Structure formats: structure tokens, C-alpha cells
Amino acid sequence: MNKKILSLFAFIGLLFFCGSFLNAESNITFIKSYSTEYKKTLPITEYNWQNVNGTISYEEFIEELEEFKYLLTTSYIGYEKMLMQGFDINVFENNVKAEFEKSVSVDSKKLQSSLYENIKKFVQDAHFFINFFMTEKVACNFENVYYSDLYVKKVGDKYFYIKDNKIKEEYKESEDNLFCYPSKGSDVYRIGIFSNEQPKFDGYKLDTAIAPATSLRFNSKQTSKTVYYSLSSFMLPAEGDGKRKASEIMLERLKKSVQNNYDKENIIVDLRGNLGGIQGISMDLVNLLLGIDYSNKENNVEKDIYYMNYLISPSIALATYNWDKSLGNFSKKYVKGDKKNLDDFTKNPRCELYKNYFFSKNYNEGFPIKNKYQNKIYVIFDRNTSSAAELFYGYLVSVIDEPSRVKLVGENSAGRIENGSVWSYLLPYSHICVVLPSRSFSPTLDRISSWHGEGKGFFPDYWCTGEDLLETLIAVTHDEELRTVLSNIYYGLQ
């Protein structure tokens, strides 16, 4: 993966929960604090990213190893989870040192590999990167379904192979290998295997996903019963970028279209290839689709509180301050609080863990507030759908008055959402880049049954490959007009 794509993924993860720690408009619960030392860690810039050092001295290697340990233990929200998986920082240090103990100099690329190899079995985190120049290493295994061309039909509590629409012998293997596949008929399942690599035996294949898009594009199409929306990204270009105005116009068009289509029987939201972006855009779209207005909470009782955990430390405080300064007017209101926070953590270096009230389903007189839109919503995912695009679905099923009205179609998503608000740090001599999340969305994800973890993502209610997507949508919406309106959906967003 090239440098631009790497930077994009880090940017997406950061934007998932960007903003000042001190200015959050939500209830924050302090969990614990422990002291640490203060180190002025290096933020990544275009200059020092390019200023790579292929070889460092052994003495510099020792300092870099100490720096990596410091970042891991003070700036990574998942460190305690690593300890629960059996990680030992002293064993880690000894193992890395042993690889280079008789060296006069250390190759930076080999050091990158050593750091990665000695932590990878303790981490499953799609926003944890160890990168050197043009090479990235992600501390996560991604799994997808490799399908066979075999199908079974459920009859009663048993499954039977089918061929040419005829029932054959009984299927007696694991139900874990059966994936609901409505394009082939009612109660039909396709046989497949979940794996992070091509199965070593014949007959199983992985569908081709559409290419991810890095810019925000929106389109809509409709039939008499259904309105279809596609969004390529939730990324909003920075102020001053030539594409910013076009993106704002697209979002305004989307808003008007949604407001004119609350009477449709079905809403389809196509997020294939959507890598994510700004969490506020995805959550605002959910509120818009449902017709939720959270500005008026009079007589409403907040229940079903959803949380995330976040970490703050000297290096995170410094990264937050530098980032908000770089955004100009977009984050101007946060910079003063960031500076005060940084000064505090510099004078009294410590790590603090908090629980943050992220959002809440709202109730009135003990019942969920009825949404303006009351019909079916179908969300289309593929394995490139990630981060804030996954948040769109997670937030939707959490706040909708009746979750059964939402159905997920397609593939399992990337599973790049459990941890967010990533910050990039540089090791001082090799300029290896360490990208670490500082917030965890797990307290909310754990409440969503379709979530299956980092690298696996959300599982759809209706599985299908791209070539079967149109037939699947027709089968579940009972809208034959889609055959004409979305005739080219296999090839990409419409």
C-alpha cells in the first residue's frame, strides 16, 4: 500500500473521533490515572516522513526501542487488552534486542518488521500501524467469505443441498458455513468459508469489491416505492480545498432529497467502498433519514446510553494540540483548551482513562421516540466499508425506534471501527511511523449483535456478491422497478 493510501487510512481513523478532549459536549466519567514520564514525541510531517534513515546505530536503536515502549504503554487505548492477551513488555523488549544484539548498526526496515512480529499476536486492531517509508504493517487480520457454488435450503430445522431448484441430500456440516442468500430464493443459504486468505482447496472464491473512493460523491435514484442513495465517502475536504464547495453542495442535495422522500416504502443506502471520514457527517445522515431532531429534548428521558472509552497522556495531548492547530478555523475553538491541557500534562505527566457518554437513544414517556420515517432501510456494505461508514450502521441500529426495520446487505464490512482517534508518532532516528488509536468504541459495539470484531466487521442480514446484489435487493424490497433503475449496480455506486 503506498504512502498516500496509508496517510488516508490514518486520517480516516483520526477523524472518526476528532476534537478536543476538554471540549466534549457529553458526560465524562473518570476511570483511573497513573503517573508516567514526559517525552516530547515527534509528530509526523511531510518533511520528516520523507526524511527516512535506512540504517541507525545500535545506540540509536536502543533509544528507539525505549520510545516505542513509551508510546505503546502511554498512548495506545488497547494496551490493557494486550496485557490480557498475555503481552509482556519486558519479554517484548528482550526479544527485539536479541535480534540485533551483536549488530553495530540496525536496518530500519528490519526493525519495523521486528517490532511488528513481536506484537502482532497480541493485537487485533485495524487502526494500529507500524510503517516505514512505502511499507505498512497493520496489526489486524482481515477475514472475508470465500463462497462455493453450492447452496442449501432450510426445510424445518434441517438443511438440504439444492440443484436446479430441486432438493438433494441433507447438509450435515457446520451451520457456521451457511450464509443467507435471498437472491437464490426463500430460506436459501450459500456455502462459504470465513478466512483471511484463499482456502487451499478448490471451489471457493472471493468476490471482487469495488474500488474505494477518497472523495465525497453523492447520488440518488428512485422508483415509485424505493429511494436509493450512494455515498462514496464521509470525508469533507479541508477549508480552502477546491473540492470543499462541491462536497457541501452534494450534502445539501442529499438533505433535500431525504426530506422529500419520507413516504417511500424503502430506503437503500449504498456504502460500498466507503472508507469513512468525519463521524459527524455519518451520524447527521442517520438523524436526517429517520427524521430525528435531537435539539428539542423537552419531556424526553435519556435511556440506552452508549459509551466509548478514551485515553489521554502527554503524547496524545501534544498530538491533539498540533492537529487542531493545523486545521485552522475548523478547530480554532479547541486550540486554547488543547494548549491548557498540554501544559497540564507536561507539568504533571500522567495517563488518564475516561468513559465518555457518546450518544443516547431518546425516549418519551418510557417509549422510544417515534421516527418520522417508519418504513424499511437497507444498507449495502462490502469489505472496503470501514470506520465512519461502519459507524453509520452502528449508530442507525442503536437510535432507530425499531431496529428490525434496518437490514444489512452484501459482505461483512472491514471491521475498522473498534478503536479510533488515531495519532501518528515518529521514532526519532529511523523515522518509523507508529500509528496508535486513543479511543475505544467497544462499549457501544458490544451491544450490536451483528458486530463480530475487528477485521470481521458487521455481518449482513442478507449475504451476496456484487453480481447478485441487484437480485438480492429486488428479493428483499419486492420492487421490480429496481431492475431498470439500478441495472448497473454490480459495477459500482449508482
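Caption draft 1: Seen up close, helix α5 (residues 89–100). In this model, α5 (twelve residues) spans 17 Å end to end at C-alpha, consistent with the 16 Å of a helix rising 1.5 Å per residue. By the burial criterion, the buried members of α5 are Ile 89, Phe 92, Glu 93, Val 96 and Phe 100. End-on, the buried residues of α5 take up no more than an arc of 95°, which puts them together on one face. Close packing links the buried residues of α5 with α3 (58–75), α4 (79–84), β4 (105–107) and α6 (108–117).

Caption draft 2: How the structure looks around helix α9 (residues 314–326). Spanning 13 residues, α9 covers 19 Å between terminal C-alpha atoms, matching the ideal 18 Å at 1.5 Å per step. For α9, a buried count of ten out of 13 residues is recorded, marking the element as mostly surrounded by other parts of the structure. Within α9, burial applies to Pro 314, Ser 315, Ile 316, Ala 317, Leu 318, Ala 319, Thr 320, Tyr 321, Trp 323 and Asp 324. At the C-terminal side of α9, Gly 328 shows a positive phi close to 65°.

Caption draft 3: Structural context of the packing of α5 against α6. Between α5 and α6, whose axes approach to 10 Å, the crossing angle comes to 150°. Viewed along their axes, α5 and α6 adopt a mutual orientation that is roughly antiparallel. As α5 packs across α6, the resulting crossing turns out to be right-handed. Every residue of α6 that contacts α5 at Phe 92, Val 96, Glu 99 and Phe 100 is listed here: Lys 110, Leu 111, Ser 114 and Leu 115. A per-class count over the contact of α5 with α6 returns five nonpolar, one polar and two charged.

Caption draft 4: Expanded view of the packing of α3 against α9. Running from amino to carboxyl end, α3 crosses α9 at an angle of 85°, the nearest separation of the two axes being 8 Å. As summarised for this structure, α3 and α9 are arranged roughly perpendicular, according to the angle between their axes. Of α9, the residues touching α3 (which contributes Tyr 70, Leu 71, Thr 74 and Ser 75) are Pro 314, Ser 315 and Ile 316.

Caption draft 5: Quick peek at the sheet that holds strand β13 (residues 226–231). In spatial order, the strands read β12-β13-β14-β18-β19-β22; together these six strands make up an open sheet with mixed pairing. Where the open sheet ends on each side, the last strands, each with one partner, are β12 (218–222) and β22 (462–463). Where strand β18 (residues 376–381) lies against strand β19 (residues 406–410), five bridges are found, and the strand directions are parallel. Each bridged residue has a counterpart across the sheet, and for Tyr 378 the counterpart in β19 is Lys 407. Across the sheet, helix α7 (residues 244–259) touches β12 and β13, and the angle it forms with β12 is around 25°. Strands in contact with helix α11 (residues 388–399) are β14 (266–270), β18 and β19; relative to β18, the strand with the most contacts, it is inclined by about 155°.

Caption draft 6: Summary view of the packing of aromatic side chains. One pass over the structure, following the stated rule, counts 29 aromatic pairs. Ring geometry for Tyr 58 and Phe 61: centres 5.4 Å apart, planes at 50°, overall tilted. With Tyr 58 and Phe 61 both in helix α3 and three residues apart, the pair spans about one turn of that helix. The class of Phe 61 is buried, set by a relative accessible area of 0%. Both rings, one in Tyr 310 and one in Tyr 354, keep their centres 5.3 Å apart while their planes meet at 20°; by these two values the pair is stacked. Of this pair, Tyr 310 sits in strand β15 (residues 300–312) while Tyr 354 sits in strand β16 (residues 350–364); the two residues are 44 residues apart in sequence, bridging distant segments of the chain.

Caption draft 7: Structural view of the nonpolar core. Membership of the largest hydrophobic core comes to 48 residues, with the highest contact counts inside it found for Tyr 229, Val 379, Phe 392 and Phe 458. A per-element tally of this core places α11 first, with eight residues. Among the nonpolar cores identified, the runner-up in size contains 47 residues, and Ile 89, Phe 92, Val 106 and Phe 122 belong to it.

Caption draft 8: Region of the structure containing the sheet that holds strand β11 (residues 188–195). On the basis of which strands lie adjacent, the open sheet formed by five strands has the order β9-β8-β7-β11-β10 and antiparallel pairing. The open sheet terminates on both sides in strands that have one partner only, identified here as β9 (166–171) and β10 (178–180). Mean inter-strand twist for the sheet, computed between neighbouring axes without regard to direction, equals 50°.

Caption draft 9: Region of the structure containing the environment of Asp 284. With respect to the element layout, Asp 284 can be found in helix α8 (residues 279–290). Along the primary structure Asp 284 and Lys 255 are separated by 29 residues, whereas in three dimensions their C-alpha atoms are 9.9 Å apart.

The rules behind these values
Residues numbered from 1 in each chain as written. Predicted model: local features only at pLDDT ≥ 70, side-chain atom pairs only at ≥ 80, totals over all residues. Heavy atoms only, no water. Helix = DSSP H or I, 4+ residues; strand = E, 2+ residues; numbered from the N terminus. Expected span 1.5 Å × (residues − 1). Buried < 20%, exposed > 50% of the residue type's maximum accessible area, 1.4 Å probe, protein only. Arc of directions from axis to C-beta. Contact = heavy atoms within 4.5 Å. Axes fitted to C-alpha atoms, helices over the stretch in contact; angles between N-to-C directions. Parallel < 35°, antiparallel > 145°, perpendicular 65-115°, else oblique. Left-handed = near helix turned anticlockwise from the far one by under 90°. Nonpolar A, V, L, I, M, F, W, Y, C, P; charged D, E, K, R; others polar. Pairing = 2+ DSSP bridges. Phe/Tyr/Trp six-rings, centres within 6.5 Å; stacked < 30°, edge-to-face > 60°. Core = buried A, V, L, I, M, F, W, Y, C linked by side-chain atoms within 4.5 Å.

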